Each structure stands twice: as C-alpha cells, then as structure tokens.
Number of protein chains: 2
Amino acid sequence: MTDAPAGTPAPPPPSPWERERPARARVAPARAPLSRERVVEAAFTVLDRQGLDGLSMRQVAAELGVTVSALYAHVSSKDDLLELMYTRLFDGFTMPEPDPERWREQVRAYARSGRQRLLSHRDMARISMAHVPFTAELLPHVEALLAVFRTAGLPDHIAAEAGDLISTYIDGFVLEEGMWRDRAGRHGGDGSSLARPDWREMAEEMQNYFASLPAEDFPHLRALAGLMVSDSSDQRFDIGLEIILRGLASYLPDPAACSSPDA
Amino acid sequence: MTDAPAGTPAPPPPSPWERERPARARVAPARAPLSRERVVEAAFTVLDRQGLDGLSMRQVAAELGVTVSALYAHVSSKDDLLELMYTRLFDGFTMPEPDPERWREQVRAYARSGRQRLLSHRDMARISMAHVPFTAELLPHVEALLAVFRTAGLPDHIAAEAGDLISTYIDGFVLEEGMWRDRAGRHGGDGSSLARPDWREMAEEMQNYFASLPAEDFPHLRALAGLMVSDSSDQRFDIGLEIILRGLASYLPDPAACSSPDA
DNA sequence: ATATCTTAATGAACGCCGTTCTCCAGGTGA
DNA sequence: TCACCTGGAGAACGGCGTTCATTAAGATAT
C-alpha cells in the first residue's frame with residue numbers, strides 16, 4: 001500500500017543538532033513524480049480505509065509521503081479532487097447500442113453495473129449524490145442512457161425524466177445501503193475488527209425490534225419487517241428497479257409490456 | 001419533563017440501531033432562556049442564511065448570543081442537532097386513513113407535501129438524505145405510508161420497497177433542485193444580491209450549451225434539452241412521481257389501473 | 001443569615017481541517 | 001558559472017467539533 005518508502009522502517013526523528021542536514025535529501029529521491037493520477041489514487045486508498053469523513057487533504061498527503069501543500073500543485077481544491085473521484089466512477093462505463101427490443105435489459109444492466117461501481121469504494125454514493133453528471137466528460141454517458149429510452153419509444157418528457165429517475169434511484173439505494181452498513185459496523189465492533197461487521201446480528205436485532213412494536217399501532221411495519229431485513233440487497237435493488245421499469249413501460253404504445261414479468 | 005411536541009402519537013421505544021442520545025441534555029426547570037427547541041430554531045435560521053456548509057455550532061451559538069459550549073448542554077453533538085432538524089421535518093405530517101380507491105392520490109399528496117417541506121429550508125434535502133427515518137419518532141410515518149401501499153393491494157415485497165423508493169425519489173429530486181439553484185446562485189451574482197438568483201439566465205445558458213453540442217454525438221441530449229430546462233420543477237416532479245406510481249400500479253390485480261392517466 | 005448544593009453558561013484549550021504563503025534545494029540551459 | 005525555473009517543504013491563518021475546569025447565580029438547608 002504505502003509504496004513510497006518501500007519497506008523501510010520508520011526513521012527516527014532527526015536530532016536537533018543535525019538540523020543543518022535536512023532529512024529531505026534522503027527521503028525524496030527523484031523517483032517519485034507526483035501527478036494528478038497519483039493524488040486521486042491515494043485519495044481512493046484513504047477513502048476506502050477511513051471513509052469520506054476521514055478523507056482529508058492531509059491524510060491524502062500522508063498517504064503519498066508528501067506535504068499537504070504539494071497536493072495543490074496537481075489539484076486545485078478538495079472539491080476538485082472529489083469531482084475527479086466522481087468522474088473516475090464512469091471510467092470504462094459503456095452502453096451498448098440501443099436496442100428497442102431489449103431496452104429493459106439494457107437499463108437493468110446499466111443500473112446494476114452502476115450500483116456495483118458505487119459499491120466498489122466506501123462512501124462512493126455520498127460523493128456521487130453530491131454531483132451532477134453534466135460535465136463535459138460525463139455527458140456522453142447521459143446521452144447513451146437517454147438514447148436507450150428514446151429508442152425504446154418513450155415519449156420525450158418521460159425519457160427526459162427517466163435518466164434522472166434511475167440515476168437517483170441507484171445513488172439513493174447504495175447510499176442507504178452504506179448507512180446501514182456503517183451503523184452495523186459502529187454497533188457491534190470496535191472498528192478494528194474484521195472487514196465484515198456483524199451484519200447478521202444486526203438483522204436479527206432489527207427483526208426483534210420490529211416484532212416488539214405494538215401490534216395495533218404498527219401492523220404493516222411488523223408484517224413487512226421480515227422482507228425489509230431478510231431479503232438480500234441485490235433482490236431489493238432489482239425489485240425497486242423493476243417498479244421503475246414497469247412504470248416506464250406503461251408509457252409505451254404496446255400495452256402488453258406493462259405488466260409482463262420479463263425478469 | 002420530556003415535553004415532546006403534543007399531538008404526535010406516542011413513539012415506540014428507541015430502536016437499537018439508532019445512535020444512542022445520552023440523556024445528558026436535560027430540560028431546565030423554570031427560568032431557562034436556552035433550550036433544545038431554541039437551539040434547533042437558531043440552527044434553522046443559520047441554515048437558511050448560510051447553507052449547510054455554513055452551519056457550524058459556533059454560528060448557531062452566535063445566533064443565540066451564547067458560547068459554543070453552552071449548546072452542548074442541550075444537544076449532545078452536531079450530528080444530534082442535525083437529527084433533530086431532520087425529525088422536525090415530519091412535525092405535523094399526517095397521512096389520511098388509507099383508501100384503496102384513492103391510493104394514488106394519497107401517495108401523490110404525500111410526495112408533494114414532502115417535497116414542499118424539504119424546500120422550506122435551504123439544503124434540507126442534503127440533511128434528509130443523510131438520515132434514515134427509522135427512529136422511534138418517525139416510525140409512525142413509515143407505518144402510515146406502508147399502510148397505504150398494503151391497503152391498496154400491493155404485494156408485500158413491492159410495498160416494502162415502495163416506501164424507500166418514493167422517499168428516495170423525493171429526497172433525490174429536491175437535492176438536485178438545490179444543486180441547480182446553488183449553481184445558478186454562484187453563477188451570476190455576488191451572493192448578496194436579491195433572493196432569486198438569475199435562474200432564467202442560467203436556463204438560457206444551459207439551452208445554448210446543449211444546442212452547441214455536436215449534433216451527431218448528442219442527438220438525444222439536444223432533443224430533450226428543452227424539456228429538461230424549460231419545464232417547471234413541479235411538472236418534472238409530478239412526471240417522475242407518476243412513473244413510479246404506474247410501476248406500482250402494475251402489480252395490482254386490476255390491469256386497467258396500469259396505464260390509466262388518472263391525473 | 002450563612003453555608004452548601006445545583007446548574008446554566010463561560011472561556012480556554014486540543015486537535016483536526018482546507019487553504020495560502022514564503023522559501024529553498026536541485027536540475028536545466030546559456 | 002550563473003541565472004532561471006520548478007516541485008515540494010514548512011509554517012501559518014482562520015475555522016471547525018468537542019471537552020473541561022471554572023464561574024455566577026439561584027435554590028435549599030441549617
């Protein structure tokens with residue numbers, strides 16, 4: 001991970017009498033050209049280790065074995081860095097040629113892969129939620145998604161909203177996933193435990209809590225608690241996605257598409 | 001002592017996964033100028049004036065003419081304060097008795113009033129997005145929404161997702177609204193100008209930008225740019241909402257409900 | 001009336017944060 | 001050789017959330 005001073009144990013602090021000789025000469029050989037890419041990369045490392053709230057310019061600099069001011073030569077601000085990270089999300093993201101016959105599958109694939117990308121880095125949904133994909137680099141992706149909707153035959157005012165709708169759904173779903181995960185993580189362990197927090201125990205506790213609610217006041221919550229807890233996130237994601245897809249399909253001339261399971 | 005806002009139904013005991021709020025914050029008996037309520041109120045004042053990024057404990061204290069540390073007698077942390085503000089969103093929020101015949105109108109009304117509440121304070125959607133309504137005080141509201149879906153006849157696994165889906169939609173839509181508003185505000189004025197930023201000019205500029213895109217690369221974006229910009233936010237909100245409602249309706253036994261306009 | 005207890009509020013402090021500024025070592029080209 | 005450039009260091013500024021010892025002021029008990 002920390003490949004800057006590879007393997008070398010932490011050097012002792014320089015004694016005051018040798019302050020004439022700055023330790024910098026030893027530490028900084030010409031072998032480390034800093035770059036925007038390296039900064040972004042280090043930012044992802046810090047993000048995954050400490051979460052968005054622990055992602056500071058100082059931590060990124062430390063990850064690179066560099067002072068914080070050095071970062072500002074390659075990144076104009078922290079917001080700029082976050083935007084670079086957001087843009088990085090879409091790298092290699094390609095949409096197939098729009099096929100009116102398979103638009104549902106195409107949108108499903110887009111949404112699922114979008115969710116996977118958000119899940120690939122901690123707190124990534126929070127970063128994504130704070131940005132709008134209408135930058136120059138990201139417009140082609142928006143275009144590709146709109147192409148699928150319009151080619152499928154959706155009316156323009158529906159297609160215009162559909163992109164926002166499913167993007168919001170993806171971000172919002174993963175955001176919520178992350179909040180539950182964090183809560184479960186804080187709940188049982190000291191944080192330094194194994195990667196997977198006691199998710200199972202958490203689910204059980206939720207089940208118990210819902211079951212403990214007064215039956216006359218919360219009949220529906222009690223009835224659905226099992227589904228909300230026990231279903232896998234992937235299942236729940238697909239269900240919500242399917243609701244949206246059916247809603248979109250209802251605007252197509254072909255009425256049969258409306259309620260076909262199609263999954 | 002715990003003078004919860006009157007009228008709300010008795011909240012269930014606190015769930016195990018919500019952050020424990022140490023009861024350290026006690027209500028002063030008689031002659032206390034400062035109170036939890038006043039702190040939250042001042043926080044809203046600061047929020048509306050300076051936005052979420054400018055909402056600091058120090059600013060809230062200054063608003064009250066008090067030192068920062070005084071706040072911590074009534075609020076256990078900034079997160080606690082934000083959660084109180086989030087909960088405040090739902091004050092007086094009531095759902096009518098579920099009517100299977102009118103479930104669409106009921107959900108529409110819920111969503112629209114939810115959006116209005118989010119719009120009533122600057123950056124409120126950002127706060128809402130960061131919270132889950134599964135605290136003791138808020139569970140009744142979740143129950144009421146689920147009741148509408150279940151009473152309407154939706155299958156359980158659909159109803160269980162539907163609540164999350166429309167809540168996420170509301171939050172996400174208003175969040176995006178706010179981001180555009182902020183962008184427009186930063187764009188034209190020095191910030192000290194009139195309340196309404198040059199929204200019109202911004203829309204025009206976006207129109208021009210989209211129109212300037214190469215036609216062969218962005219045909220769909222160019223075709224839909226007018227709709228995305230010129231339509232009022234209220235219209236766009238209703239369109240997305242309708243997509244979701246239709247998707248939900250497709251799971252009802254009655255197939256006629258699927259594509260009925262119903263608006 | 002005096003001493004004690006309680007409690008709201010203070011003010012200083014700690015350790016972070018993003019950002020900016022000055023300065024210097026080392027390499028480059030003339 | 002010397003001036004120039006550049007990438008990074010280091011210190012500093014103001015602001016942040018939070019904690020803690022202390023004070024002032026009322027209430028209570030003696």
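Please read all numbers here as calculations on a predicted model, not as lab measurements.

Q: Mind laying out the overall build of chain A, listing which residues take part and the relevant values?
A: Scanning chain A from N- to C-terminus turns up 12 helices and zero strands. Within chain A, the proportion of its 263 residues that are buried is 44%. Partitioning the contacts of chain A with sequence separation of at least 6, the portion at a separation of at least 24 is 64%. Approximately 14000 Å² of chain A is accessible, and the part contributed by carbon and sulfur atoms is 53%.

Q: Explain unusual backbone geometry residue by residue, including any values.
A: One non-glycine residue, A:D123, adopts positive backbone phi at about 60°. Tracing the chain through its elements places A:D123 in the loop between α6 (103–119) and α7 (124–129).

Q: I'd like a rundown of the environment of A:R181, residues and numbers included.
A: Mapped onto the elements, A:R181 comes out in helix α9 (residues 156–188). Expressed as a C-alpha distance, the spacing of A:R181 and A:M202, which sit 21 residues apart in the sequence, is 9.5 Å.

Q: Describe the packing of helix α1 (residues 36–50) of chain B against helix α4 (residues 78–88) of chain B, with residues and values.
A: All names here are of chain B. Two numbers describe how α1 lies on α4: the axes approach to 10 Å, and their chain directions differ by 85°. If you check the angle between α1 and α4, you find them roughly perpendicular. From α1, R36, E37, V39, V40, A43, F44 and L47 reach across to α4, where they touch L81, L84, M85 and R88. Of the residues that constitute the contact of α1 with α4, the class distribution is eight nonpolar, no polar and three charged.

Q: Tell me what's going on with the protein's contact with DNA strand D, and back it up with residues and numbers.
A: With respect to spatial proximity, 18 residues lie near DNA strand D, and among them A:T67, A:S69, B:R58, B:Y72 and B:K78 are the closest. Each atom of DNA strand D within 4 Å of the protein belongs either to a base or to sugar and phosphate, the latter forming 54%. The contact in question runs from a phosphate oxygen of DNA strand D to an N or O atom on the side chain of A:T67, over 2.4 Å. Here a phosphate oxygen of DNA strand D sits 2.8 Å away from a polar atom, N or O, in the main chain of B:K78. Across the surface near DNA strand D, the residue classes tally to eight nonpolar, six polar and four charged.

Q: Quick rundown of the protein's contact with DNA strand C? Include the residues and the values.
A: Neighbouring DNA strand C are 19 residues, the closest being A:M57, A:R58, A:Y72, B:T67 and B:S69. Backbone atoms, meaning sugar plus phosphate, form 49% of the atoms of DNA strand C positioned within 4 Å of the protein. For DNA strand C, a phosphate oxygen lies 2.8 Å from a polar atom in the backbone of A:M57. One of the side-chain N or O atoms of A:Y72 is found 2.7 Å from a phosphate oxygen in DNA strand C. Per-element accounting of the surface near DNA strand C gives the leading share, three residues, to helix α3 (residues 57–64) of chain A. Of the residues assigned to the surface near DNA strand C, the class counts are eight nonpolar, seven polar and four charged.

Q: If you had to explain the interface of chain A and chain B to someone new, which residues and values would you point to?
A: The interface of chain A with chain B comprises 61 residues on the first partner and 63 residues on the second. Contact between chain A and chain B buries roughly 5700 Å² in total, counting both sides, with carbon and sulfur atoms accounting for 72%. Between A:R236 and B:D164 there is a salt bridge; the shortest N-O distance is 3.9 Å. At the surface where chain A touches chain B, the tally comes to 12 residue pairs in polar contact (both at pLDDT 80 or more). Elements that contribute at least two residues to the side of chain A that touches chain B include exactly α8 (139–152), α9, α10 (199–212), α11 (219–230) and α12 (233–249) of chain A. Considering every element that reaches the side of chain A that touches chain B, the biggest residue donor is α9(A), with 19 residues. Of the residues belonging to the side of chain A that touches chain B, the class tally is 37 nonpolar, 11 polar and 13 charged.

Q: Can you tell me about the relation of the copies chain A and chain B, naming the residues and giving the values?
A: Take chain A, turn it by 180°, move it 0.1 Å along the axis, and it overlays chain B with an RMSD of 0.1 Å. Both copies of the chain, as the preceding transformation shows, are related through a two-fold rotation axis. Nearest to the rotation axis, the C-alpha of A:G247 is located 1.7 Å from it, this being the minimum over chain A. Looking at the interface residues of chain A, 90% of them are also at the interface in chain B, so both copies use one shared face.

Q: Give me the lowdown on the UniProt feature "DNA-binding region" (unreviewed entry) in chain A, citing residues and values where you can.
A: Taken from the UniProt record, the annotation "DNA-binding region" (unreviewed entry) applies to residues 56–75 of chain A. Taken end to end, residues 56–75 of chain A has its terminal C-alpha atoms 13 Å apart, with 60% of it in helix and 0% in strand.

Q: Could you give an account of the confidence of the model for chain A, with specific residues and numbers?
A: For chain A, per-residue confidence averages 84 on the pLDDT scale, and 79% of positions sit at 70 or higher. In the model, residues 190–194 of chain A has pLDDT below 50 throughout and makes zero contacts with residues more than four positions away in sequence or in other chains.

Q: So what's going on with the nonpolar core? Residues and values would help.
A: Among the nonpolar cores identified, the biggest contains 160 residues, and A:M85 and B:M85 are the most heavily contacted of them. Apart from the residues lying within four places of it in its own chain, the contact partners of B:M85 are B:V40, B:A43, B:F44, B:L47, B:L55, B:M124 and B:I127.

Q: Please set out α3(A) residue by residue, giving values where relevant.
A: All names here are of chain A. Of the residues making up α3, those classed as buried are M57, V60, A61, E63 and L64. The arc that holds the buried residues of α3, viewed along the axis, is 155°, so those residues lie on one side. Relative to its buried face, α3 has exposed residues pointing more than 90 degrees away, namely R58 and A62. Those residues of α3 hidden inside the fold are in contact with α2 (36–50), α4 (68–71) and α5 (78–88).

What counts, and where the lines are drawn
- Here the residue numbering is sequential within each chain, running from 1 through the sequence in written order.
- Chain letters start at A and ligand numbers start at 1, both assigned in the order the entries are written.
- This being a predicted model, a pLDDT of at least 70 is required before a residue's local features are given, and a value of 80 or more before pairs of side-chain atoms are given or counted; all residues contribute to the totals for chains, interfaces and linings.
- Based on all heavy atoms of the structure, the side-chain values leave hydrogens and waters out of the count.
- Helix and strand assignments come from DSSP, with helices taken as H or I runs of at least 4 residues and strands as E runs of at least 2, each series counted from the N terminus.
- Exposed residues in this analysis have more than 50% of their type's maximum accessible area, buried residues have under 20%, and partly exposed residues fall in between, with area computed by a 1.4 Å probe over protein chains only.
- The criterion used for residue contact is that any of the two residues' heavy atoms lie within 4.5 Å.
- Accessibility throughout is a Shrake-Rupley quantity obtained with a 1.4 Å probe, and a residue counts as covered only by protein chains that appear here.
- Every angle, taken between N-to-C directions, lies between 0 and 180 degrees, and every axis is a line fitted to C-alpha atoms, over only the stretch in contact when it is a helix.
- Throughout, the term roughly parallel applies to angles under 35 degrees, roughly antiparallel to angles over 145, roughly perpendicular to angles from 65 to 115, and oblique to all others.
- For this classification, Asp, Glu, Lys and Arg are treated as charged, while Ala, Val, Leu, Ile, Met, Phe, Trp, Tyr, Cys and Pro are nonpolar and the rest, including Gly, are polar.
- In these notes, residues near a molecule or strand are those with any non-hydrogen atom within 4 Å of it.
- As used in this structure description, the phrase polar contact means that two N or O atoms lie within 3.5 Å; if the pair is within protein, one of them must be able to donate a hydrogen and the other to accept it, and residues adjacent in sequence are counted only when both atoms belong to side chains.
- When two parts are brought into contact, each loses some accessible area as probed by a 1.4 Å sphere; the total of that loss over both is the buried area.
- By definition, a salt bridge exists where a carboxyl oxygen of Asp or Glu is found within 4 Å of a side-chain nitrogen of Lys or Arg.
- Our superposition of the copies is a least-squares fit, built on the C-alpha atoms of residues whose pLDDT is at least 70 in both.
- UniProt positions are given in the numbering used here, feature names are shortened, and annotations may be inferred rather than shown by experiment.
- Predictor confidence is given residue by residue as pLDDT, running from a minimum of 0 to a maximum of 100.
- We define the nonpolar core as a collection of buried residues of types Ala, Val, Leu, Ile, Met, Phe, Trp, Tyr and Cys that are connected through side-chain atoms lying within 4.5 Å of one another.
- Directions from the helix axis toward the C-beta atoms define the arc.

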